[in-house]
Every structure is written in structure tokens, then in C-alpha cells.
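What follows is each chain in one-letter form.
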Amino acid sequence: EDQVTQSPEALRLQEGESSSLNCSYTVSGLRGLFWYRQDPGKGPEFLFTLYSAGEEKEKERLKATLTKKESFLHITAPKPEDSATYLCAVSGANSKLTFGKGITLSVRP
Amino acid sequence: GAGVSQSPRYKVAKRGQDVALRCDPISGHVSLFWYQQALGQGPEFLTYFQNEAQLDKSGLPSDRFFAERPEGSVSTLKIQRTQQEDSAVYLCASSLPMWGHEQYFGPGTRLTVT
């Protein structure tokens with residue numbers, strides 16, 4: 001059974017204070033690892049897909065990396081508007097996504 | 001273009017009532033998924049369609065839950081005889097029919113059973 005564990009559960013940062021969010025996974029035949037952002041009352045918003053160990057993708061202040069067991073979402077010099085819940089998910093032998101519980105990020109001005 | 005839309009956005013049902021939740025996927029997306037999200041949790045898979053074929057319904061929690069996509073576009077998730085534990089946000093997502101392709105989510109329907 002595919003499993004995803006995210007840590008920490010919540011993270012409070014000062015504006016400009018860089019940090020990383022962790023996603024540990026076990027999956028049978030990784031088809032893709034996905035990061036989503038979810039704001040209160042909204043559906044998850046797609047950020048990145050990673051397919052193989054060593055792959056990295058960047059978008060503005062966010063950078064996602066992948067190893068065979070973990071993925072990290074690095075946030076550089078965060079701003080208050082980066083406050084949200086960040087979800088990690090894997091797609092394995094079937095097409096469904098298995099999600100972690102999410103990491104709630106708060107960035108104080 | 002337009003994203004995934006869902007209706008209604010909010011639904012309050014009395015215990016025992018039947019409800020129907022609608023999803024309009026992105027045009028051209030043949031894969032459609034339903035997820036259930038409890039408060040403070042990540043979404044959990046319910047069921048998956050490719051065109052009109054329901055290929056996986058392993059996540060449906062009971063036989064009170066039923067989903068259909070008769071023409072391969074709009075989908076409806078129906079819950080019969082609602083129970084309090086059915087209260088959650090129901091998310092619909094669509095994607096292109098390729099392994100490992102990203103799924104795009106709608107805003108969700110928040111169901112509250114009283």
C-alpha cells in the first residue's frame with residue numbers, strides 16, 4: 001500500500017526565513033510525486049511533478065527535489081502570501097493519488 | 001481555459017437524505033477522480049473514471065456511495081441515506097490519460113450532515 005508522511009505538521013516562519021518541508025513516501029512503482037498548495041476553502045492547486053530521483057523543479061521561491069525515499073519543498077525567503085497548506089502525493093501502479101496530511105505553513109510579516 | 005467546476009459549493013443535508021454532487025472536468029480531460037477530504041487531513045481517493053468507464057471504485061466507503069459519468073464528461077457522486085460521518089469536502093479532479101500526469105482539482109463541495 002502506498003504511503004506518504006509529511007513533516008512537520010505545522011511550520012511558522014518569519015518573512016525571509018528560508019526552510020524546507022519534508023515528504024517521505026513508499027510506493028510500488030513510482031509514476032510521479034506531486035506537490036500541491038491548498039488555501040482555506042479551496043481545492044489543491046498543482047505546483048510540481050517529479051518523476052525520478054535527482055530531479056529538481058523550481059517556481060519563484062519554491063524548489064522541489066526528489067530522492068528514492070523523500071521529497072523536499074524548499075522555500076527561499078518566504079513572504080506572507082506563501083502561507084498555505086502544502087500537500088505531497090504519489091502516484092503508483094494505479095492512477096490514483098495518495099496524499100499526506102499536509103504541512104500548514106504560516107509566514108509572519 | 002476553464003478549470004474544474006463543482007456544484008453545489010456547499011450542501012447541508014439532514015441525516016438519511018440523499019445528495020448528488022456534480023463535477024465538470026476540464027475540456028479534453030478523459031480521466032476524472034473523486035476524493036474525500038476530512039478537516040485537517042489530506043484528500044483520500046474514492047473512485048476513478050476513464051471516459052465513461054469506472055476503472056477503480058476501491059475507495060468508496062460503503063454501498064451508499066455511487067458515482068457515474070454516463071457520457072464521459074460530467075460526473076455525479078451520489079450519497080444515499082447520508083450519515084454524520086459523511087460530512088467532509090468532496091473534491092473532483094481531472095487529468096490527461098497518461099500515467100503520472102498531474103491532476104487538476106475543483107474547489108470542492110462541502111457537505112454537512114446534521
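As shown above, the structure is provided for reference.
Analysis parameters
- Residues numbered from 1 in each chain as written.
- Chains lettered and ligands numbered in written order.
- Predicted model: local features only at pLDDT ≥ 70, side-chain atom pairs only at ≥ 80, totals over all residues.
- Heavy atoms only, no water.
- Helix = DSSP H or I, 4+ residues; strand = E, 2+ residues; numbered from the N terminus.
- Rg over C-alpha atoms; globule rule 2.2 N^0.38 Å.
- Buried < 20%, exposed > 50% of the residue type's maximum accessible area, 1.4 Å probe, protein only.
- Contact = heavy atoms within 4.5 Å.
- Areas by Shrake-Rupley, 256 points an atom, 1.4 Å probe, with all protein chains shown as cover.
- Lys, Arg positive; Asp, Glu negative; His and termini not counted.
- Salt bridge = Lys/Arg side-chain N within 4 Å of Asp/Glu carboxyl O.
- Polar contact = N/O pair within 3.5 Å; in protein donor to acceptor, adjacent residues only side chain to side chain.
- Pairing = 2+ DSSP bridges.
- Axes fitted to C-alpha atoms, helices over the stretch in contact; angles between N-to-C directions.
- Buried area = accessible area lost by both parts, 1.4 Å probe.
- Nonpolar A, V, L, I, M, F, W, Y, C, P; charged D, E, K, R; others polar.

Caption draft 1: Representation of the overall build of chain A. From N to C terminus, chain A includes zero helices and eleven strands. Reading chain A from its N end, one meets helices and strands in the order β-β-β-β-β-β-β-β-β-β-β. For 109 residues, the compact-globule estimate of 2.2 N^0.38 gives 13 Å, and chain A sits close to it at 13 Å. Going through the 109 residues of chain A one by one, you find that 46% of them count as buried.

Caption draft 2: Summary view of the overall build of chain B. Across its full length, chain B carries zero helices and eleven strands. Expected size for 114 residues packed as a compact globule is a radius of gyration near 13 Å; at 13 Å, chain B falls within 12% of this value. With respect to the principal axes defined by its C-alpha atoms, chain B has extents near 40 × 25 × 25 Å. The 114 residues of chain B split such that 47% are buried. Counting only contacts in chain B whose residues sit at least 6 apart along the sequence, the fraction spanning at least 24 positions is 52%. In the structure as shown, chain B presents an accessible area of about 5700 Å², 48% of it carried by carbon and sulfur atoms.

Caption draft 3: View of the side chain of B:Glu102. Take B:Glu102: it is sitting in the loop between β9 (88-95) and β10 (104-105). One buried charged side chain, B:Glu102, makes no salt bridge at all; its nearest oppositely charged neighbour is A:Lys57, positioned 7.0 Å away. A distance of 3.5 Å separates polar atoms of two side chains, one belonging to B:Glu102 and the other to A:Thr49. Polar contacts involving the side chain of B:Glu102 include one to the side chain of B:Tyr104, which spans 3.1 Å. Residue contacts for B:Glu102: discarding those within four places in its chain leaves A:Phe34, A:Tyr36, A:Phe46, A:Thr49, A:Tyr51, B:Ser94 and B:Ser95.

Caption draft 4: Representation of the sheet that holds strand β3 (residues 19-24) of chain B. All names here are of chain B. Here four strands make up an open sheet; going across it, the order is β1-β3-β8-β7 and the pairing antiparallel. The open sheet has two free edges, formed respectively by β1 (5-7) and β7 (65-68), since each of these has just one partner strand. For this sheet the average axis-to-axis angle between neighbouring strands, irrespective of direction, equals 15°.

Caption draft 5: Geometry of the interface of chain B and chain A. Between chain B and chain A, the residue contacts involve 21 residues of the former and 22 residues of the latter. Between chain B and chain A, roughly 1700 Å² of surface is buried when both sides are summed, and carbon and sulfur atoms account for 56% of that area. At the surface where chain B touches chain A, the tally comes to zero salt bridges. Taken together, chain B and chain A are joined by five residue pairs in polar contact (both at pLDDT 80 or more). Those elements giving two or more residues to the side of chain B that touches chain A turn out to be β4 (31-37), β5 (44-50) and β10 of chain B. It is β4(B) that contributes the most residues to the side of chain B that touches chain A, three residues altogether. Its residues assigned to classes, the side of chain B that touches chain A shows ten nonpolar, nine polar and two charged.

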